[in-house]
Structures are given as C-alpha cells and as structure tokens.
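So you can see what is in the structure, the chains are spelled out below.
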Amino acid sequence: MRDQYDFSKGIKNPYAAQLKKQAAVNVDADVAEYFKKQAAETGIPYQKLINFYLSQCMKQELKISFGPKKNGG
C-alpha cells in the first residue's frame, strides 16, 4: 500500500445522496406479517416494501392524525 495518496483530483460520490441509512424500527407483529405476505406475493424483500411505502408517504406529504375520529364532519 502506498504511504501517500493524492486525492486532489478526486470527485465527490454522485450517488451519496441516494445512500441508505440503517435504522432499527420496532413494528407490531401483524404489521411485519402484512409486509412479509406482500413480499412473498411480489418477490420483493419486505424491508424494501416498507421503505417504498414510507417513501410514498413522504412524497405525498401524508400527515398522521391522532385523537378521536370525527363522525359526520
């Protein structure tokens, strides 16, 4: 291995913004089973399906609402 490397002509990774970040998320057992079933049907790993679903929520700027449901407006 060289003692000294010259990175003066190096370029920044163009895919750096697309890199994934590992995150441990606890989900209910029924949620995990739902996505695992979808994974079996589609052939797509369930982690990718969860990421896709969350990405869609983000792109559509969906908001979570908490509290009692309103009946009739």
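You'll find the structure just up there.
Reading the values: the criteria
Residues numbered from 1 in each chain as written. Predicted model: local features only at pLDDT ≥ 70, side-chain atom pairs only at ≥ 80, totals over all residues. Heavy atoms only, no water. 1 Å grid on protein atoms, 1.4 Å probe; cavity = no way out; pocket = protein on both sides within 12 Å on 5 of 7 lines; lining within 4 Å. Points joined across faces, edges and corners; volume = space filled by probe spheres on them. Helix = DSSP H or I, 4+ residues; strand = E, 2+ residues; numbered from the N terminus. Phe/Tyr/Trp six-rings, centres within 6.5 Å; stacked < 30°, edge-to-face > 60°. Lys NZ or Arg CZ within 6 Å of the ring centre and 35° of its normal. Expected span 1.5 Å × (residues − 1). Buried < 20%, exposed > 50% of the residue type's maximum accessible area, 1.4 Å probe, protein only. Contact = heavy atoms within 4.5 Å. Axes fitted to C-alpha atoms, helices over the stretch in contact; angles between N-to-C directions. Parallel < 35°, antiparallel > 145°, perpendicular 65-115°, else oblique.

Draft legend 1. Layout of the layout of surface pockets. As a volume, the largest pocket reaches approximately 670 Å³. Ala23, Val25, Gln47, Ile50 and Leu54 are, among the 19 residues lining the largest pocket, the residues nearest its centre. At seven residues, helix α2 (residues 46-59) tops the list of elements feeding residues into the lining of the largest pocket.

Draft legend 2. Highlighting the packing of aromatic side chains. Scanning the model with the defined rule gives three aromatic pairs in all. Site record: aromatic cluster; members linked through ring pairs are Tyr34, Phe35 and Tyr53. A cation over an aromatic ring shows up here: lysine 36 above the ring of tyrosine 46, its NZ or CZ 5.2 Å from the ring centre.

Draft legend 3. Region of interest: α2. Here α2 spans 20 Å end to end across 14 residues, near enough to the 20 Å set by a 1.5 Å rise per residue. Taken as a whole, α2 has its buried residues at Leu49, Ser55 and Cys57. Tucked inside the fold, the buried residues of α2 contact α1 (29-42). Glutamate 61 sits one or two positions beyond α2 and adopts a positive phi of about 55 degrees.

Draft legend 4. The arrangement of the environment of lysine 48 in detail. Looking at the element boundaries, lysine 48 is found in helix α2. The spacing of lysine 48 and phenylalanine 66 is 18 residues in sequence and 27 Å in space, taken between C-alpha atoms.

Draft legend 5. Region of interest: the packing of α1 against α2. The contact between α1 and α2 brings their axes to 8 Å, and the two run at 110 degrees. As the angle between them shows, α1 and α2 are arranged roughly perpendicular. Facing Phe35, Lys36, Gln38, Ala39 and Thr42 of α1, the residues of α2 in contact are Tyr46, Leu49, Ile50 and Tyr53.

Read these as layout, nothing more, since geometry by itself doesn't imply function.
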